[in-house]
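Spelled out, the chains give:
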Amino acid sequence: MNEPEKQVQKLIRLKRFEEPRDGYFVDFLEEFRSRRNEGETSKGFLNSRVSGGVDNRKWFIGAGIAYAALLVVVLMWPNGPEAKQDSSRQPVIFEPKQPIRNSLTPPKVPISIPRP
Amino acid sequence: MSSESANESPADADKVLVALAQSGDTSAFDQLVVRYSPRLYGMIYHMTSNNEDANDLTQDVFAKAYRSLSQFRGRSSFYTWIYAIGTNMTLNFLKKRNRRAAWSLDNLDSGIQNDEAMVDLAHAANPRHQSDLNELQKKLNEAMQSLSNDHRAVVTMFDIQGIPHAEISKILKVSEGTVRSRLFYAHRQLQGHLEEFIK
């Protein structure tokens, strides 16, 4: 290790003296205990504080998209909601222009059935 | 309960406390909190440079450790395990924070300028530049914040907290070579930022 690097290390080590106030860790333990007693250890302090705004925005965007999608579905629905209520309509009767081929007509090619 | 007898190593004492905590003894876990909160808080504080964030994040680390204690199998020491949780959570937090109000120098220990050890060390480290300690502290924080999160993590653990390379490699789950290389580049970068103090 060269001399400038050693000096950098000495300077950075000074940060060891940045410590919280006296009694801080006693309060810290009390805070932890009360959170545990209230069953709040499952919640994160930071996640709610740091990403709270981002999460809310996500919820709003998601709700907006869901509402828009629902609106599109309602508008695009065939004949709209009144389709079921219109009792004046007659049922559609299918009348084929050509006679339907009888599906029971035997095929032209004889089928050989193997005998046991 | 006596947590540590005269012959018992800290790691052995941890094993006993962990076993008791796993069986539901909350006071045993409290003793682990007492034992490790100063070091964990220090690591997180030096990574975030913010007291409020460090407090909340350290609380969250212990909460997570408490919830996950049943999964701790003792393959590593409790110290390595909780440090790994702390480092991962801090790195994730820093990604999210995205340079939000990066560092707060106003809420650092106000008595630091009157700390004799600090004054002596500052003098010893830099006899020619006995400049204002506030200025030095500000520069140190700026220099630390200029590092990438990964580089700041190794500088915090090695230079400030005195954790050996091998232990850091276990905590960060990288090779010792990677730890050394990160330290080398971090020191070079810090040198540039602290040039005026090391001439």
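What counts, and where the lines are drawn
- Residues numbered from 1 in each chain as written.
- Chains lettered and ligands numbered in written order.
- Predicted model: local features only at pLDDT ≥ 70, side-chain atom pairs only at ≥ 80, totals over all residues.
- Heavy atoms only, no water.
- Helix = DSSP H or I, 4+ residues; strand = E, 2+ residues; numbered from the N terminus.
- Areas by Shrake-Rupley, 256 points an atom, 1.4 Å probe, with all protein chains shown as cover.
- Buried < 20%, exposed > 50% of the residue type's maximum accessible area, 1.4 Å probe, protein only.
- Axes fitted to C-alpha atoms, helices over the stretch in contact; angles between N-to-C directions.
- Left-handed = near helix turned anticlockwise from the far one by under 90°.
- Contact = heavy atoms within 4.5 Å.
- Salt bridge = Lys/Arg side-chain N within 4 Å of Asp/Glu carboxyl O.
- 1 Å grid on protein atoms, 1.4 Å probe; cavity = no way out; pocket = protein on both sides within 12 Å on 5 of 7 lines; lining within 4 Å.
- Points joined across faces, edges and corners; volume = space filled by probe spheres on them.
- Nonpolar A, V, L, I, M, F, W, Y, C, P; charged D, E, K, R; others polar.

1. Considering the overall build of chain A
Scanning chain A from N- to C-terminus turns up four helices and zero strands. Helices and strands appear in chain A in the N-to-C order α-α-α-α. For chain A, the accessible surface area stands at approximately 10200 Å², while carbon and sulfur atoms represent 60% of it.

2. Quick look at the overall build of chain B
The helix and strand inventory of chain B stands at 10 helices and zero strands. Walking chain B from its N terminus toward its C terminus, one meets helices and strands in the order α-α-α-α-α-α-α-α-α-α. Each of the 199 residues in chain B was classed as buried or not, and the buried ones make up 49%. In the form shown here, chain B has an accessible surface area of approximately 9400 Å², with 48% of it arising from carbon and sulfur atoms.

3. Some remarks on the packing of helix α7 (residues 149-160) of chain B against helix α8 (residues 165-172) of chain B
Residues and elements named next belong to chain B. With their axes 10 Å apart at the nearest point, α7 and α8 run at an angle of 145° to one another. When you trace α7 past α8, the crossing you get is right-handed. In this structure, α7 contributes Val 154, Met 157 and Phe 158 to the contact, and α8 contributes His 165, Ile 168, Ile 171 and Leu 172.

4. Here we look at the side chain of His 165 of chain B
Along the chain, the position of His 165 of chain B falls in helix α8. Sequence-distant contacts of His 165 of chain B, defined by excluding residues within four places in its chain, comprise Phe 158, Glu 176, Val 179, Arg 180 and Leu 183 of chain B.

5. Comments concerning the pattern of salt bridges
All told, the structure shown has nine salt bridges over all chains when counted by the stated rule. Among the ionic pairs, Asp 30 of chain B bridges to Arg 33 of chain A, the shortest N-O distance being 2.8 Å. Here Arg 33 of chain A lies in helix α2 (residues 24-37) and Asp 30 of chain B lies in helix α2 (residues 26-48), a pairing that spans two chains. A relative accessible area of 5% places Asp 30 of chain B in the buried class. According to the relative accessible area criterion, Arg 33 of chain A is partly exposed, its value standing at 30%. Two residues, Lys 139 of chain B and Glu 196 of chain B, come together in a salt bridge whose shortest N-O distance is 3.4 Å. Note that Lys 139 of chain B is positioned in helix α6 (residues 133-146) and Glu 196 of chain B in helix α10 (residues 195-198), a separation of 57 residues in sequence. The exposure class assigned to Lys 139 of chain B is partly exposed, which follows from its relative accessible area of 21%.

6. Overview of the layout of surface pockets
Space inside the largest pocket adds up to approximately 340 Å³. Along its surface, the largest pocket is lined by 17 residues, and Arg 16, Glu 18, Glu 19 and Pro 20 of chain A together with Pro 38 of chain B are the ones closest to its centre. Taken together, the residues that form the lining of the largest pocket break down as six nonpolar, four polar and seven charged.

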